[in-house]
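These are the residues of each chain, in order.
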Amino acid sequence: MFTPGPIGKGVATISALGEEGLFAKKFITPLFLKPIMTKKIKFLCLLALLIPIIASCSGGGGSASEDSPRENESDENYDNELPAAQILFPRTEGLWTDQEQIIVRGTSTDNKGVAGVVVNGIEAKSSDRFATWTAEVPLLAGQFSEIIVEVTDTSGNTASKAARTTVNTYNHFNSYRFCSPIAYDSIGGAAYRFDPPLALNLASGDELPLRGDFSEVTGAAFDPGSGRYLLIKDDNLLSFDSEFANPVVVSPSTSPSFGTEPQISIDVSTGMIYVMEWWASYVVAVDPTTGKRTYLGSWKDSAGNKVSSFTPGFQVVGGRFFVSTLTALYELDLTDSTVTELSGPAVGSGPELNHTAGLSVDLTEGIAYIGNLYNQLLAINLSTGDRKVISPGSSGAPNNQIFEWARYGFANAGSSILVNSCLSGHTIAINKQTGQRRQVSPTTRGVGPVFTELQEIHFDEFTGELIAINEIYRSGRDLLQYNNAYAQQLISVKPETGDRKALSTPFGASEPLMGEIAHIESNPNDGTIFASLNESGSHSIQSLSRETGKWQKILDVSEGGDSNIRSIFVFSFDRKRNSLLVIADVVDEGICFLRIDPISGNRTLGACLENSDQFPFSFLDMVVDRNVDRAYLTDGVGGILAVNLETGNIELHSGRGVGAGPELIDLGQLTLDAENSRLLVDNYLGKDPDTGKTQTELMAIDLNTGDRSSLIKLSKKKNEYLKISPAVDPETGEAYLGLPNRAVAVLDSETNQYLMISQ
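Residues numbered from 1 in each chain as written. Predicted model: local features only at pLDDT ≥ 70, side-chain atom pairs only at ≥ 80, totals over all residues. Heavy atoms only, no water.

Draft legend 1. Seen up close, the overall build of the chain. Per the secondary structure count, the chain includes three helices and 56 strands. In the chain, which comprises 759 residues, the share counted as buried stands at 52%. The long-range fraction of contacts in the chain, counting pairs at least 24 apart against all pairs at least 6 apart in sequence, stands at 49%. Here the chain has roughly 33,200 Å² of accessible surface; of this, 49% comes from carbon and sulfur atoms. (Helix = DSSP H or I, 4+ residues; strand = E, 2+ residues; numbered from the N terminus. Buried < 20%, exposed > 50% of the residue type's maximum accessible area, 1.4 Å probe, protein only. Contact = heavy atoms within 4.5 Å. Areas by Shrake-Rupley, 256 points an atom, 1.4 Å probe, with all protein chains shown as cover.)

Structural data, given as structure tokens:
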């Protein structure tokens, strides 16, 4: 596209010729070719001939066109510059949001002034003549949206595409994945899951949203006889066509109830529908024609013991009723309410059945497939009861293709068993022959191991990446093969791409770090990672070498450990002094700072906390502000403390009557946002008295005043780990969040919006 430049200056030059310019217009023929003319006249004649050419090139001074400057008749006000714009948020293309609109924020400039900014047809708002601006842009669910900024200056020049970016929205505006039942279509080769409601192509991994209200679906199955889908919702048995439309109530809610978390199984030979409730104490038979329900129950084994179990597996095949309990596989006899043990403590050999989860029976193969709480898939010979592991607990470890509670998300898909993982929320296909696993459902952004439960995130200045504590198994039980109630890993995240990489994992590692990783820090000079580890009866700080991948204890509070240290409270990395800063209970000294050299491990006793008798020693987290030589701590009673690193003097900085704003209640991870002169902290609120939902919020605390403001508030949806973990890049001030939806997000500090960068 042509933009007037030097030619415009030529027009001004000709106008300045005055009388000589007028004289030039008298020549009709090219007389300058005659030898009698002077050099001056030749020059003026040449300029005269160029006038019409210049005029045609300049467009004649009409109205401004798209992406072209406007020409004004007045030379003094002539403006040939297009306005410019920059998008500040969302700055990175292709990030994800679960909101129905996004506040686009940016800047614009022009040599004369900006008259207006329009973003995707929405007029932007500004209080400084569009030097900065915002626009609330509506979004569509499940769409890839291009955001285009159009800027017009006061001269009428318009840059129609002054800036652009893109953003993705989740289906149903839902960024969460929970485990749910699977309805496997054995004819069409597709799987359907309901939290969120999606159709999953098993070959391509493509997902399509199901339209309609499928919230709280507790049971699901595909009926190959009718080609319809059966769902249980609010104790109603519903039937849907192949498009998941035109629902028919097969059996309305009545007695006997289907109970809690029921499973559906269809006897293809008779068309009868059977439903087993959570505790396996009874089965409800449903006539598909009349909807009549019949109670079947009170199963007893040969010794007269009642058979029941939570999270059973259940399937009816060829008129035979199979059910798995925590420790055995049984066949039910409906005629006399007895059961026969097919495999378990008294029948068969091989690995014990322990906390089984999910069941699929193939009478043609003569095999029952069963999962357990420990990420194993077993095959059971129905003739002998013998058991073997076909996919061990370490399978799928590189990308966390693992499961725990199957929640009935367990289905036979021909050559594979499909499992909806309650850990990651993803659907996994496990090959029956090889045990190899494949994640069928797509990740949102980034490649590498998926998150199962985000505990904390930390920004690593050495690599410019984030490091996340990811809990694989939950606490409170024996892990069978791990002999510990925690199995956690460290995962690095590249903010630019969302790619993830396991830095430390308990799966197959020669020196796995077992225990609860409570907190992590890193050395900005060499990238060494430090972790606070809680083990049974001990507490230590350990370092992870990026070169060797091995852990090493640098401070140990346990029997046989450091006898001068009674306990460790919290620790952080002091970048100003290039040392680990630890608050510990030191023998004969009290509550003091310890400085640990990250290379040699040498320790130096620092200041001991003054005024310590005024504060409870329930420190939860600590950050160091190197600019003012001060540490900030969270305590267990809703307070933010400030400690002078030189003197050890401790003061209440915010909470419990200090500072204005919402109260601090139950504090989690703390981080320093020096760029905005504030602290960010997770504040767990508990149950909201109005909604009854558990809530947490991200709180900002002013470094100068201690005033508090709530930035983000989230409510618990189901069984997710409800926590917001903040981390900040100290060089750029970019803030990141670890979220309950198993995603890492970037936070816009101006609008308090967040976009998912890795999930």
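Draft legend 2. A look at the pattern of salt bridges. Across all of its chains, the model carries 25 salt bridges by this definition. Of the charged contacts in the structure, one is a salt bridge between K553 and D556, with a shortest N-O distance of 3.7 Å. Here the salt bridges share partners, and the residues they tie into one network are D574, R577, R595, D629 and E646. (Salt bridge = Lys/Arg side-chain N within 4 Å of Asp/Glu carboxyl O.)

Draft legend 3. The packing of aromatic side chains, seen in detail. With the rule as written, the count across this model stands at 16 aromatic pairs. For the ring pair F194 and F214, a centre distance of 6.2 Å and an interplane angle of 50° mean the geometry is tilted. With F194 in strand β10 (residues 190-194) and F214 in the loop between β12 (207-209) and β13 (217-223), this pair connects stretches of sequence that are 20 residues apart. Here F194 and F214 have matching classes, each one buried. For the ring pair F194 and F244, a centre distance of 6.0 Å and an interplane angle of 55° mean the geometry is tilted. Taken together, the residues span a long stretch of sequence, with F194 in strand β10 and F244 in the loop between β15 (236-240) and β16 (248-251) at a distance of 50 residues. The exposure class of F194 is buried, given its relative accessible area of 3%. One aromatic cluster is present, formed by Y192, F194, F214, F222, Y229, F240 and F244 through successive ring pairs. Just above the ring of F258 sits the side chain of R293; from NZ or CZ to the centre is 3.7 Å. (Phe/Tyr/Trp six-rings, centres within 6.5 Å; stacked < 30°, edge-to-face > 60°. Lys NZ or Arg CZ within 6 Å of the ring centre and 35° of its normal.)

Draft legend 4. Region of the structure containing the sheet that holds strand β51 (residues 694-702). Spatially, β49-β50-β51-β52 is the arrangement adopted by the four strands of the open sheet, whose pairing is antiparallel. Either end of the sheet is taken by a strand with one partner, and the two such strands are β49 (666-673) and β52 (708-715). Shown here is a sheet whose adjacent strand axes are inclined to one another by a mean of 20°, direction ignored. Of the pairings in the sheet, the one linking β49 to strand β50 (residues 678-687) comprises six bridges and is antiparallel in character. The residue bridging L667 from the neighbouring strand is N683, located in β50. (Pairing = 2+ DSSP bridges. Axes fitted to C-alpha atoms, helices over the stretch in contact; angles between N-to-C directions.)

Draft legend 5. Representation of the nonpolar core within the structure. Counting 34 residues, the largest nonpolar core has I102, V104, V117, V119, W133, V149 and L466 as its most contacted members. Apart from the residues within four sequence positions on either side, I102 is in contact with F89, P90, A135, E136, V137, L139, I147, V167, Q753 and L755. Residues L680, L711, L714 and M756 belong to the second largest nonpolar core, which totals 19 residues. (Core = buried A, V, L, I, M, F, W, Y, C linked by side-chain atoms within 4.5 Å.)

Draft legend 6. Region of interest: the layout of surface pockets. Of the volumes computed, that of the largest pocket is approximately 820 Å³. Looking at the largest pocket, it is lined by 38 residues, and the ones nearest its centre are F222, S265, Q315, A411 and N412. When residues of the lining of the largest pocket are traced back to their parent elements, those giving at least two are β9 (183-185), β13, β17 (263-266), β21 (313-317), β25 (356-362) and β29 (410-413). A breakdown of the residues in the lining of the largest pocket according to their chemical character gives 22 nonpolar, 13 polar and three charged. (1 Å grid on protein atoms, 1.4 Å probe; cavity = no way out; pocket = protein on both sides within 12 Å on 5 of 7 lines; lining within 4 Å. Points joined across faces, edges and corners; volume = space filled by probe spheres on them. Nonpolar A, V, L, I, M, F, W, Y, C, P; charged D, E, K, R; others polar.)

Draft legend 7. Up close: empty space enclosed by the protein. According to the stated counting rule, one finds four cavities of 30 Å³ or more in the structure shown. Space inside the largest cavity adds up to approximately 80 Å³. T452, E453, Y721, P740 and R742 are the residues nearest the centre of the largest cavity, which is lined by ten residues in total. Counted by class, the lining of the largest cavity contains four nonpolar, two polar and four charged residues.

Draft legend 8. Expanded view of the pairing of β25. The buried fraction of β25 is high, at seven of seven residues. As paired elements, β25 and strand β26 (residues 367-372) share six bridges and run antiparallel to each other. Following the sheet pairing, V361 is matched in β26 by A368. The turn linking β25 back onto β26 is made up of four residues, and G366 within it adopts a positive phi angle of 75°.

Draft legend 9. Looking closely at the sheet that holds strand β6 (residues 132-138). The three strands lie next to each other as β1-β3-β6, forming an open sheet whose pairing is antiparallel. Two strands close off the open sheet at either side, each with one partner strand: β1 (84-89) and β6. Strand-to-strand, the axes of this sheet are offset by a mean angle of 35°, without reference to chain direction.

Draft legend 10. Quick peek at the environment of I266. Within the secondary structure layout, I266 lies in strand β17. Each C-alpha atom of the pair I266 and P224 lies 9.2 Å from the other, and the pair is 42 residues apart in sequence. Here I266 is in contact with A221, F222, D223, L230, G271, M272 and V316, once residues within four sequence places are set aside.

Draft legend 11. Structural context of the environment of S749. When you line up the elements, S749 lands in the loop between β55 (743-747) and β56 (754-758). With residues up to four places along the chain from it excluded, the contact list for S749 reads D673, N676 and R678.

Draft legend 12. Inspection of the state of the cysteines at higher detail. Scanning all chains against the criterion turns up two disulfides. Here C179 engages in a disulfide with C422; their sulfurs sit 2.1 Å apart. Disulfide C179-C422: torsion about the S-S bond near 100°, hence right-handed. Within this pair, whereas C179 is found in the loop between β8 (158-169) and β9, its partner C422 is found in the loop between β30 (416-420) and β31 (427-431), the two being separated by 243 residues in sequence. Given the relative accessible area of 12%, C179 is considered buried. Each sulfur of the disulfide joining C592 and C608 lies 1.8 Å from the other. (Disulfide = S-S within 2.5 Å.)

Everything listed here is a matter of coordinates, which is why it stays silent on function.
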